[in-house]
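Here is how the chains run, residue by residue.
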Amino acid sequence: MQNLFDISGKVALVTGGSRGIGEMIATGYVENGAKVYVSSRKATVCQQIADKLSERGTCIALPADVSTLTGIESLVAEITAREQKLDILVNNAGATWGAAIDDYPESGWDKVVDLNMKSVFFMTQQLLPLLRASASAASPARVINIASINGINPTFLETYAYTSSKAGCIMLTRHLAKRLAAENILVNAIAPGPFPSQMMAATLAERGDEVVGEVPLGRIGQPEDIAGVAIFLASRAGAYTTGATIPCDGGAAEV
């Protein structure tokens, strides 16, 4: 039972990998020997993160806007030109939108739902050939969707599309897991709580004490916390886990 958490030599793609939770997961993968492609909408930022992580291992920038099917197809074409298989797909790209219930706009709703839920399905769909090329009974391919504890318990913030889309992501994870298990493709989700990400920056700055007060462990998450769960799900240690949503939230969703 040695090397249960070994991911060295695996090929991974992390969307939204240039900052926040995506960067934390990409860093964990690179430092543990995986070849990691990071994708984000802003090419300059994406390349900067890839350059930084390349000092610790192998990381390649593939900028793309995965909020649209055209952007997804472009990203898939780029990685297909470089790799014959994909061991790990991390669907992390996401957005949020806050507005009072009486003023919540359709444009904000569509932006969030398209990126947080629709893109998860079509990224997975379009990458099935590469995932199938990696998958075997002895070493399944992995899809890891980044949901949120706000898809389990609603937040005090008025982020209606975000909570709804993350709940949808959790159900989509279960549905994909049921469909793809026979093809040796495992599909799981992580539901993070508060982490020091750009998405959480304003909330932590304005209401940090309130946020931390809702976490039984009394702190926000650190990079090692989320990377550890992502490594578990990508390694032999997680080879009999599929359709699961694992909270990584210091106990916040459980109380």
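Keep in mind it's a predicted model, so treat the numbers as computed, not measured.

Asks: Provide a residue-level description of the side chain of threonine 163, including the pertinent values.
Replies: Residue placement: threonine 163 occurs in helix α6 (residues 160-180). When its relative accessible area of 16% is taken as the criterion, threonine 163 is described as buried. Ignoring sequence-local partners within four residues, the contact set of threonine 163 consists of Asn150, Gly151 and Thr155.

Asks: Any details on the packing of aromatic side chains? Residues and values, ideally.
Replies: The description of an aromatic ring pair uses the distance of the two centres, along with the angle that the planes make with each other. What the rule picks out here adds up to 3 aromatic pairs. A ring pair is formed by tyrosine 104 and tryptophan 109, whose centres lie 6.3 Å apart and whose planes are at 80°; its orientation type is edge-to-face. The exposure class of tyrosine 104 is buried, given its relative accessible area of 17%. Residues tyrosine 104 and tyrosine 160 carry aromatic rings whose centres are separated by 5.6 Å and whose planes lie at 75° to one another, so their mutual orientation is edge-to-face. Of this pair, tyrosine 104 sits in the loop between β4 (88-91) and α4 (106-126) while tyrosine 160 is found in helix α6, placing the two residues 56 residues apart along the sequence. Its relative accessible area of 28% is what places tyrosine 160 among the partly exposed residues. Three or more aromatic residues joined by ring pairs form one cluster here, namely Tyr104, Trp109 and Tyr160.

Cut-offs used in this document
- Residues numbered from 1 in each chain as written.
- Predicted model: local features only at pLDDT ≥ 70, side-chain atom pairs only at ≥ 80, totals over all residues.
- Heavy atoms only, no water.
- Helix = DSSP H or I, 4+ residues; strand = E, 2+ residues; numbered from the N terminus.
- Buried < 20%, exposed > 50% of the residue type's maximum accessible area, 1.4 Å probe, protein only.
- Contact = heavy atoms within 4.5 Å.
- Phe/Tyr/Trp six-rings, centres within 6.5 Å; stacked < 30°, edge-to-face > 60°.

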